[in-house]
Amino acid sequence: MAADKAHAVVIRAVPFGETSAVVTLFTREFGKLRALAKGAWRPKSAFDGALDLLSACQVLVLRKSSGGLDLLTEAFLQRRFRVARSLSAVHGGMYVAELLDALTADADPHPELFDVASRTLERLSSHDGPDVAVWPWVVRFELAVLRAAGQAPALSRCAECRITLPASDRVAFGMLDGGALCADCRRGRRAVVSVSADAIATLRSLARRVDDGHPPIAEGLAGELRAVMNTYIAHVLGRRPRLAPRLVPTKLASVSGAQPRNDS
Ligand SMILES: [Zn+2]
């Protein structure tokens, strides 16, 4: 059987036996896969650091046709995730791995999502600028992974009746309904929060811009966006992501007005 070559990001690695590991890779070619890396943690292993969490690597993998683990035969490190001074950037990187694991299915390729994930990790690695520069990357990645999972929030039209939303200072955002709601559809619904027009406009802009940079988000707005996205993703997953508590701009955690208003 010939080994398949793939571009991969390491999103999880757990010990298996004395020196081996079971790694979860998000690959550009095959989507998410789980593979046994024999002797991965032996000194001078053939994998040589390529299987550290969040590393980008090229791998050779023997695919199993039905169930079971694939077998990783080689991995070449392309880029290691470097920890610099921004703890938010490190948590952001770990969050990328958590969402890829939770929101993608095995063997279901999404090359565009791989490219966004890879670029996001590249930008967060070594980040030692201000935290405000981290949030656009985190939110853009959230929107990309939600889109790939078929769970992108409605931002321009009502999630229920699909009419274009009229301009307004506040927008009702239904956590259970999949995004923005018009005034008619909003009535009587549970888990609806009121989000500022600025926050909705920023989400729309981040949903469109996949490759290029985005101006840093003002701190007050970052707090509101984190609150909306943390809550929305918790509803999609049916649980709060492990990293969610770490992804709140610290200075804002206690400032009132940073949280979306709960209308229900
Ligand atoms: Zn509606």
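Computed from a predicted model, the values in this text were never measured in an experiment. (Residues numbered from 1 in each chain as written. Predicted model: local features only at pLDDT ≥ 70, side-chain atom pairs only at ≥ 80, totals over all residues. Heavy atoms only, no water.)

### A short note on the overall build of the chain
(1) Moving on: For the chain, the count of helices and strands is 6 helices and 9 strands.
(2) Moving on: The C-alpha radius of gyration computed for the chain amounts to 20 Å, which stays within 12% of the reference 18 Å derived for 264 residues, consistent with globular compactness.
(3) Moving on: Here the C-alpha coordinates of the chain stretch approximately 60 × 40 × 30 Å along the principal axes.
(4) Moving on: Each of the 264 residues in the chain was classed as buried or not, and the buried ones make up 50%.
(5) Moving on: Excluding contacts between residues fewer than 6 apart, the proportion of contacts in the chain whose partners are at least 24 apart in sequence is 62%.
(6) Moving on: With the model as given, the accessible surface of the chain reaches about 12700 Å², and the carbon-plus-sulfur share is 50%.
(7) Moving on: The centroid of the 35 positive side-chain charges in the chain is displaced by 2 Å from the centroid of its 27 negative side-chain charges. (Helix = DSSP H or I, 4+ residues; strand = E, 2+ residues; numbered from the N terminus. Rg over C-alpha atoms; globule rule 2.2 N^0.38 Å. Buried < 20%, exposed > 50% of the residue type's maximum accessible area, 1.4 Å probe, protein only. Contact = heavy atoms within 4.5 Å. Areas by Shrake-Rupley, 256 points an atom, 1.4 Å probe, with all protein chains shown as cover. Lys, Arg positive; Asp, Glu negative; His and termini not counted. Charge placed at Lys NZ, Arg CZ, Asp CG, Glu CD.)

### Let's talk about the pairing of strand β5 (residues 70–79)
Both faces of the sheet carry side chains from a regular strand, because those side chains alternate between them.
(1) Moving on: Where strand β3 (residues 31–37) and β5 come together, 2 bridges link them in parallel fashion. Across the sheet, the residue bridging to L36 is L71, located in β5.
(2) Moving on: By the bridge criterion, 7 bridges tie strand β4 (residues 56–62) to β5 in an arrangement that is antiparallel. If you follow C57 over to β5, its bridge partner there is L77. (Pairing = 2+ DSSP bridges.)

### Side note on the coordination of the zinc ion
(1) Moving on: Here the zinc ion is held by the protein donor atoms C158 (SG), C161 (SG), C182 (SG) and C185 (SG), which lie 2.2 to 2.3 Å from it.
(2) Moving on: Taken together, the 4 donor atoms surrounding the zinc ion define angles of 102 to 115° at the centre, an arrangement classified as tetrahedral.
(3) Moving on: Sequence positions of the donors to the zinc ion reduce to the motif C-x2-C-x20-C-x2-C. Both residues of the pair, C182 and C185, belong to the buried class. (Donors = N, O, S within 2.8 Å, 3.2 Å for Na, K, Ca; no water. Tetrahedral: all angles 85-135°; square planar, octahedral: opposite > 155°, others 65-115°.)

### Digging into the packing of helix α5 (residues 197–208) against helix α6 (residues 219–237)
(1) Moving on: Where α5 meets α6, the axes come as close as 10 Å, and the angle between the chain directions of the two elements is 75°. Of the possible angle classes, the one that applies to α5 and α6 is roughly perpendicular. Contacts between α5 and α6 involve D198, A199, T202 and L203 from the first element and L221, E224, L225 and M229 from the second.
(2) Moving on: Partitioning the contact of α5 with α6 into residue classes produces 5 nonpolar, 1 polar and 2 charged. (Axes fitted to C-alpha atoms, helices over the stretch in contact; angles between N-to-C directions. Parallel < 35°, antiparallel > 145°, perpendicular 65-115°, else oblique. Nonpolar A, V, L, I, M, F, W, Y, C, P; charged D, E, K, R; others polar.)

### Thoughts on the domain arrangement of the chain
Put simply, an interface is often sized by how much accessible area is lost when its parts join up.
(1) Moving on: With domains assigned, the chain is organised as domain 1 (4–79) and domain 2 (87–262).
(2) Moving on: The straight-line distance from the C-alpha centre of domain 1 to that of domain 2 is 29 Å.
(3) Moving on: In this assembly, 17 residues from domain 1 lie in contact with 19 residues from domain 2.
(4) Moving on: The largest per-residue losses of area from domain 1 upon contact with domain 2 belong to F26, R28 and K32, which jointly make up 42% of the total buried on that side.
(5) Moving on: For the pair domain 1 and domain 2, the interface holds 6 salt bridges.
(6) Moving on: The residue R12 makes a salt bridge to D101 at a minimum N-O spacing of 3.0 Å. (Domains from an automatic or database assignment. Buried area = accessible area lost by both parts, 1.4 Å probe. Salt bridge = Lys/Arg side-chain N within 4 Å of Asp/Glu carboxyl O.)

### Here's the deal with the packing of helix α1 (residues 87–103) against helix α2 (residues 111–124)
(1) Moving on: The N-to-C vectors of α1 and α2 enclose an angle of 160°; their axes lie 9 Å apart at closest approach. Accordingly, the angle class assigned to the pair α1 and α2 is roughly antiparallel. Where α1 crosses over α2, the handedness of that crossing is left-handed. Where α1 abuts α2, its residues A89, G92, G93, V96 and L100 lie against L113, A117, T120, L121 and L124.
(2) Moving on: Taken together, the residues of the contact of α1 with α2 break down into 7 nonpolar, 3 polar and no charged. (Left-handed = near helix turned anticlockwise from the far one by under 90°.)

### Digging into the side chain of H91
(1) Moving on: Mapped onto the elements, H91 comes out in helix α1.
(2) Moving on: Note on H91: relative accessible area 13%, which makes it buried.
(3) Moving on: Not counting chain neighbours up to four residues away, the residues in contact with H91 comprise L243, R246 and L247.

### As for α2
(1) Moving on: The terminal C-alpha atoms of α2, which comprises 14 residues, lie 20 Å apart, in line with the 20 Å expected from a rise of 1.5 Å per residue.
(2) Moving on: Its buried side turned inward, α2 meets β1 (4–16), β2 (20–27), β5, α1 and α3 (135–148).
(3) Moving on: Where α2 terminates, the next one or two residues include S126, which has phi positive at roughly 70°. (Expected span 1.5 Å × (residues − 1).)

### Some details on the pattern of salt bridges
(1) Moving on: In the structure shown here, the tally under the stated rule is 14 salt bridges.
(2) Moving on: Residues D101 and K32 are paired through a salt bridge, measuring 3.6 Å at the closest nitrogen-oxygen approach. Here D101 is found in helix α1, whereas its partner K32 is found in strand β3, with 69 residues between them in sequence.
(3) Moving on: Here D106 ties to K32 by a salt bridge, and the two come within 3.9 Å at their closest N and O atoms. Here the residue D106 occupies a position in the loop between α1 and α2, and K32 occupies one in strand β3, the gap between them amounting to 74 residues.
(4) Moving on: Given the relative accessible area of 42%, D106 is considered partly exposed.
(5) Moving on: Overall, the relative accessible area of 3% leaves K32 in the buried class.
(6) Moving on: Linked by salt bridges that have partners in common, R12, K32, R34, D101 and D106 make up one network.

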